[in-house]
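# Reading the structure
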6 protein chains.
Amino acid sequence: MLIRVINPNTTAGMTATVGEAARRVAAPGTKVVATQPDHGPVSIESHFDEAISAVGVLEEVMAGEREDADAYVIACFGDPGLLAARELTRAPVIGIAEAAFHMATLISTRFSVVTTLGRTGIIAEHLLEQYGFRHHCRRVRAAEIPVLDLEENGAAALNRIIDECHRARDQDNIGAIVLGCGGMADLTDEISEAVGLPVIEGVTAAVKLAESLVTLRLGTSKHGDLAFPRPKAFTGRFEHFSGLAPSGLPSTPNRD
Amino acid sequence: MLIRVINPNTTAGMTATVGEAARRVAAPGTKVVATQPDHGPVSIESHFDEAISAVGVLEEVMAGEREDADAYVIACFGDPGLLAARELTRAPVIGIAEAAFHMATLISTRFSVVTTLGRTGIIAEHLLEQYGFRHHCRRVRAAEIPVLDLEENGAAALNRIIDECHRARDQDNIGAIVLGCGGMADLTDEISEAVGLPVIEGVTAAVKLAESLVTLRLGTSKHGDLAFPRPKAFTGRFEHFSGLAPSGLPSTPNRD
Amino acid sequence: MLIRVINPNTTAGMTATVGEAARRVAAPGTKVVATQPDHGPVSIESHFDEAISAVGVLEEVMAGEREDADAYVIACFGDPGLLAARELTRAPVIGIAEAAFHMATLISTRFSVVTTLGRTGIIAEHLLEQYGFRHHCRRVRAAEIPVLDLEENGAAALNRIIDECHRARDQDNIGAIVLGCGGMADLTDEISEAVGLPVIEGVTAAVKLAESLVTLRLGTSKHGDLAFPRPKAFTGRFEHFSGLAPSGLPSTPNRD
Amino acid sequence: MLIRVINPNTTAGMTATVGEAARRVAAPGTKVVATQPDHGPVSIESHFDEAISAVGVLEEVMAGEREDADAYVIACFGDPGLLAARELTRAPVIGIAEAAFHMATLISTRFSVVTTLGRTGIIAEHLLEQYGFRHHCRRVRAAEIPVLDLEENGAAALNRIIDECHRARDQDNIGAIVLGCGGMADLTDEISEAVGLPVIEGVTAAVKLAESLVTLRLGTSKHGDLAFPRPKAFTGRFEHFSGLAPSGLPSTPNRD
Amino acid sequence: MLIRVINPNTTAGMTATVGEAARRVAAPGTKVVATQPDHGPVSIESHFDEAISAVGVLEEVMAGEREDADAYVIACFGDPGLLAARELTRAPVIGIAEAAFHMATLISTRFSVVTTLGRTGIIAEHLLEQYGFRHHCRRVRAAEIPVLDLEENGAAALNRIIDECHRARDQDNIGAIVLGCGGMADLTDEISEAVGLPVIEGVTAAVKLAESLVTLRLGTSKHGDLAFPRPKAFTGRFEHFSGLAPSGLPSTPNRD
Amino acid sequence: MLIRVINPNTTAGMTATVGEAARRVAAPGTKVVATQPDHGPVSIESHFDEAISAVGVLEEVMAGEREDADAYVIACFGDPGLLAARELTRAPVIGIAEAAFHMATLISTRFSVVTTLGRTGIIAEHLLEQYGFRHHCRRVRAAEIPVLDLEENGAAALNRIIDECHRARDQDNIGAIVLGCGGMADLTDEISEAVGLPVIEGVTAAVKLAESLVTLRLGTSKHGDLAFPRPKAFTGRFEHFSGLAPSGLPSTPNRD
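Fair warning: this is a prediction, and the values are worked out from it, not measured in the lab. (Residues numbered from 1 in each chain as written. Chains lettered and ligands numbered in written order. Predicted model: local features only at pLDDT ≥ 70, side-chain atom pairs only at ≥ 80, totals over all residues. Heavy atoms only, no water.)

### Focus on the interface of chain D and chain E
Note the cut-off: Working rule for contacts: check all heavy atoms of both residues, and any pair within 4.5 Å makes them a contact. Buried area is calculated as the accessible area (1.4 Å probe) missing from two parts once they are joined, with the contributions of both summed. Throughout this description, the term salt bridge denotes a Lys or Arg side-chain nitrogen within 4 Å of a carboxyl oxygen of Asp or Glu. For this analysis, a polar contact is any N or O atom pair within 3.5 Å, provided that within protein one partner can donate a hydrogen and the other can accept it, and provided that sequence-adjacent residues contribute only side-chain to side-chain pairs. Working definition: helices are DSSP H or I runs of at least four residues, strands are E runs of at least two. Numbering for both runs from the N terminus. In this classification, Asp, Glu, Lys and Arg are treated as charged, Ala, Val, Leu, Ile, Met, Phe, Trp, Tyr, Cys and Pro as nonpolar, and every other residue, Gly included, as polar. Strands qualify as paired when DSSP identifies two bridges or more between them.
Taken together, the contact pairs 47 residues of chain D with 47 residues of chain E. Overall, the association of chain D and chain E removes approximately 4100 Å² of surface from exposure, summing both partners, and the carbon and sulfur fraction of that is 62%. By the criterion of area lost to chain E, the three top residues of chain D are Phe48, Arg119 and Arg237 of chain D, representing 20% of everything that side buries. At the junction of chain D and chain E, the tally comes to 10 salt bridges. Taking the shortest distance from any N to any O, the salt bridge between Glu87 of chain D and Arg119 of chain E comes out at 3.3 Å. Counting every contact that joins chain D to chain E gives 28 residue pairs in polar contact (both at pLDDT 80 or more). Listed by contribution, the elements that provide at least two residues to the side of chain D that touches chain E are strand E3 (40–41), helix H2 (47–66), helix H3 (82–87), helix H5 (121–131) and strand E10 (234–235) of chain D. Considering every element that reaches the side of chain D that touches chain E, the biggest residue donor is H2 of chain D, with 9 residues. Residue classes in the side of chain D that touches chain E are distributed as 24 nonpolar, 12 polar and 11 charged. Both E3 of chain D and strand E10 (residues 234–235) of chain E contribute to a ladder of 2 bridges, which runs antiparallel.

The structure is reproduced here in structure tokens:
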């Protein structure tokens, strides 16, 4: 099974981080390919960064289709381009925010999110609403560290995150913590040990959900609103999307 | 990895059905033990049946703890005893209704449920509300067949289910269908083929979620409201629950 | 009119407490029978305790049917077995949590709950959601006292409850307080006097709601999902539930 | 105990109807006084009618305070002036819409409303939202009869209501029906018999809730947002409201 | 274009304040007439005040109809009589609470409300629920100043409001503040400057929404539940409402 | 005042349509510039089209900033890139879906949406949820016409839309209809006349909301989560976004 883990930003170090995290939990028969777009922001910390990054995510899904990927993971906590990506393929596509939220509700009744910058909290709130987990999440917290500090200033960043997790544990009446950034994918064990309650990270969660769906032969529904986009003309620097057509995968709804 | 799949009713044929379904999707290293309580109803078709069946579910979890089970699946669509079962163990416990709902939202934006009897629809509605998926489910439908007809009258039951699934597909503006009964665990392929859109069944979905959590070393949170029950006296036929204490599993929050 | 007040735990002292509270508010023509199961936990402080206690509750309803009870009260704040109990009878069945919530919304726009242990707060939250009162309740608070301390350590327990009620009054922007435990049924007056705002307790509230429904000749609907359970076989220690059938009450929907 | 049942419109026949309904269910020691404002609309079929009627309702509450009424019922399905009325008294004030909704959720899991004119359906929807019962009500239906037809054209009106109730029973997947007009207070038995499921009417329901609260010594909270209005000047035809002050009832929160 | 700005209380100073605020933002061709009822409370600080004030609001709308007003603004933050007023006219009718909420969501993702007295907070909460903005508002705060202090004790009142706005900015994780009283219509600039984030006031917001709808030729829908009230008899001091009939405006749905 | 109306697709004819509609309602002092991206899809009929179009929208906002635009309108019913666009400017940015929804709630209590293709209905549903109007919208309907048919096959498209609007009026219990596509901006009058109830179109609505905010000197909040994006490196075809910095507008929160 081939899972394409897409880091939506263009920082290679972060691609490596999420790739390693993914491989650490992947099943024996699973091949993880971690990629990043050629075009886009070096980190995603705003609606603007996220909107631009979605193009790269979609191109990575198209590239994956040419290599017959069995599933995709979008490794940024805003799940950029998730529904658009699902339109492009019969394979499952999993966002790391949704993956972490789903897993958190299976082992606790209430959780908090600890993310990087406060300004991205609204993105998590909107996703919680759309996915149905508004009431399962007690609070979205921020450690107020820029995303790239996770790469460049790791020890200090980790301390701030752990401090915020302690506050979540002691004040929020929760059973688990969700880490709100793909760049934290390698910190789960340390944080969980320091904080003493389950800590869920989305990259690893998404890999297991993707494997699960593939094994269950459940792919993105092509019946209704996630069907392949109608082929059409695109102009300018997006002309290569013109006449986009599904890659001819078998049409049985449960994949085989 | 040892997963205990608990059929909450006492019909051995149904235990066999869910066990086979579970094994069909389990990973190579996973051992599935399918069990059923000694005490309880032969099928679950009401709040009453469900309440009684919860006792057997909980005893099966305790039995599993003595055998060091790594995870549990509760194979009845009402998820009877789910939160109580989670209190009894550090291992993950997954209900098949929640499992099916979670998976459905990962491959479609909206789904419908097709269950057995209309009277149990309210159980699904309450679970959808509690889990957060009220708005992801367009409609809870019933084929109006008693649960045991799935065992004893399989062909006719299958036809009625497929008919209802056709109506769901054509009228509900959905991308996927969730089958609302553990006894339908062996029908997924036939129904999906007949109806032409993804059909999600909870037993198989729950097995994969359980495996996923075990691999991620995420167990039921013992911090807060799912901690082990306080040991206390029980009387009469439940005296054997007196002084119940956690089985001494290691205390690191992420299991190892 | 005969109202059966069922204490779901097996502690006789608590049965006496709820029985006295019930009798204090019952109408002249109402006979209150306070009972407790022979089988079950001595107190209810977890999902597990609650699940086991539901069996005893249901047996007490069946016993009540043989004595032509006119209504039932389930005197534990988690309302254990409520919907299952309703299936067993045409008579009204009232849980004390729902009773207290309903009454609280009739005399205030927002209320808080003060319960025993923090770990049971999630039970109140789930009930508030199911009953529709999520937004009427500002906060679920816990005095962090074990249930049986109400019996054995009354003065200290009362002080802790009053302290928490003061915090609720001063911080929560509320008009009333709901006491979250059947064992507090005799404390209402003292607490209300100490705190200076209305304090609602569920046992007394439920008795009045039960009397009201009986007088209105409104019984549990037997049309749809609360109809009598389909008779079926039960095994083992629950064999006596086999072939359960409605007791032949008149079939007019509004009782007479 | 003195309960003042206020018919918010000025049609004496309807006051008689609600008064009789109230007396039919009142406890032996309860005295029901049914009144109507001197000023206002002859029926309430719009937001406009309702807004004007609220003034009369409030004057009737003030009149009741001078007679030491123990509780109030507002006998129009829009519950006009309900929160304002609560501000004027320590006594409980119950609206018939809320009363009917509360009772309906105690005997069924889902209900429908059958009201007079479709245009007033939005009023019921807004109340369901505010009271928390949005999801307990499957549908608000209208028989499309003017309110006064209940008085003047009773037989034909009854038939239309029964027809609509049949549709509710057969199409809405419900367990009970709420009648959406005070003028239907005398039709409950006939409709319930014709339709074969519980039919809840608000006047009788409200009387029993009011009696219940009085017996429980629970009055409208004067702590917070339902406290007595700040006395102030009113001008013109409302000058008599100037300097309005609480009538000096004892200040213990639970009434005695 | 003629916009009638209705101050629902009878304090002329406040009418002047809202009139000036309205004129300050009105388009060149817009004539603003600021009025107040002859009958009603001098300020609105409770459900009771609000209910009485609604009558005056409605009479002011009727007066406006006789003068062919093109739109109406109800200049009290509780939006008293809003839906009733809409029934009386084809013209748009805008409440200042709804206007402020709508505008706030267009320039921020989350806002807080700062109002006068804590006891009126519940009115804002109910409106937020009805209008759909419950989750866009983080918190309803009160400066605890009586409404008329805005007139009589302006400097002190302003300071308290600014203090509360500072707390909102620093604690609530918001992007904007909504002022919760028509009497604050002249304070926007000072508060915004002091607090450093956008401050939305409803009178000015409502004037622009009213102008917008008129320009778009969109009037209150007369199809369905906001149609003109059915003419009928009124008694006593409201007899002049008898036989109320629409003023014969053209029946095209988009006004011209 | 300069309003930049951005057609997110690259079809010049549609840009002309929305520009004309905008100019038709703009105030005398308002200059409308209608633009379209150089790069992107010719129409927007899927999540994929929408994600790609967001880049062009954002570039058009940046272009507008260089020309000191006072406000922006995003003229596609999915409001693509809305929150990202708001980050880029102090000026108001209005999406046509939100604009239409807001206006619809001001003139009716419930509305339906009539859009082009059923597959885009989910986009409208998600926006309704995020904006808070889920319960104000009875139903999202589709005429099942491709977007460009509005340009190329106008008469037939109009007929299908009118047919669907008739069904909405007759079946949905609504007061108004929202047209769910920017390409319908010139059809409002015809449809409203044919259907007989108010028809709201988003381009014109958004222009008036944008003008209103500018007049009120209310711009997008730069306090909190809509602050300017943190400047950073972008790679590849998005390199021109590197080091993006706010254009140095004055920092007073209410614009001047």
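Having seen it, we continue.
### Points about the pairing of strand E6 (residues 111–115) of chain D
Residues and elements named next belong to chain D. Where we set the bar: Categorising residues by exposure relies on relative accessible area from a 1.4 Å probe, with only protein chains included: less than 20% of the type maximum marks a residue as buried, more than 50% marks it as exposed, and the intermediate range marks it as partly exposed. Orient the strands so they point away from the viewer, and a crossover whose first-strand-to-second-strand path over the helix runs clockwise is right-handed.
Of all 5 residues that make up E6, 5 are buried, and the element is covered over most of its length. The alternating pattern of E6 places Phe111, Val113 and Thr115 on one face and Ser112 and Val114 on the opposite face, and all of these are buried. Sheet analysis places E6 next to strand E7 (residues 137–142), joined by 5 bridges and oriented parallel. Looking at the pairing, Val114 lines up with Arg141 of E7. Between E6 and its parallel partner E7, the chain crosses via H5, and the hand of that crossover is right-handed. Of the pairings in the sheet, the one linking E6 to strand E8 (residues 176–180) comprises 5 bridges and is parallel in character. If you follow Phe111 over to E8, its bridge partner there is Ala176.

### Some details on the packing of aromatic side chains
This is how it is decided: Only centres within 6.5 Å qualify two rings of Phe, Tyr or Trp (six-membered ring in Trp) as a pair; their planes then separate them into stacked at under 30 degrees, edge-to-face at over 60, and tilted for everything else. Either the NZ atom of lysine or the CZ atom of arginine qualifies as a charge over a ring when it sits within 6 Å of the ring centre and within 35 degrees of the ring normal.
Enumeration over the complete set of coordinates arrives at 51 aromatic pairs over all chains. When the centroid spacing of 5.7 Å and the interplanar angle of 80 degrees are considered together, the rings of Phe234 of chain D and Phe241 of chain D count as edge-to-face. For Phe234 of chain D, a relative accessible area of 4% translates into the label buried. These aromatic residues form a ring-pair network of at least three members: Phe77, Phe101, Phe111, Tyr131 and Phe133 of chain A together with Phe77, Phe101, Phe111, Tyr131 and Phe133 of chain B. Cation over ring: Lys222 of chain D sits above Phe228 of chain D, and NZ or CZ is 4.3 Å from the ring centre.

### Quick look at the domain arrangement of chain A
All names here are of chain A. For clarity, the cut-off: Those domain boundaries reflect an automatic or database domain assignment.
Parsing chain A into structural domains produces domain 1 (2–95 + 206–241) and domain 2 (97–203). Distance from the C-alpha centre of domain 1 to the C-alpha centre of domain 2: 22 Å. Opposite the 28 residues of domain 1 that make contact, domain 2 presents 30 residues. Summing both sides of the interface, domain 1 and domain 2 together bury roughly 2200 Å²; the carbon and sulfur share of this comes to 66%. It is Met14, Glu45 and Phe77 in domain 1 that bury the most area against domain 2; as a group they hold 34% of the surface buried on that side. Applying the counting criterion to the domain 1 and domain 2 interface returns 1 salt bridge.

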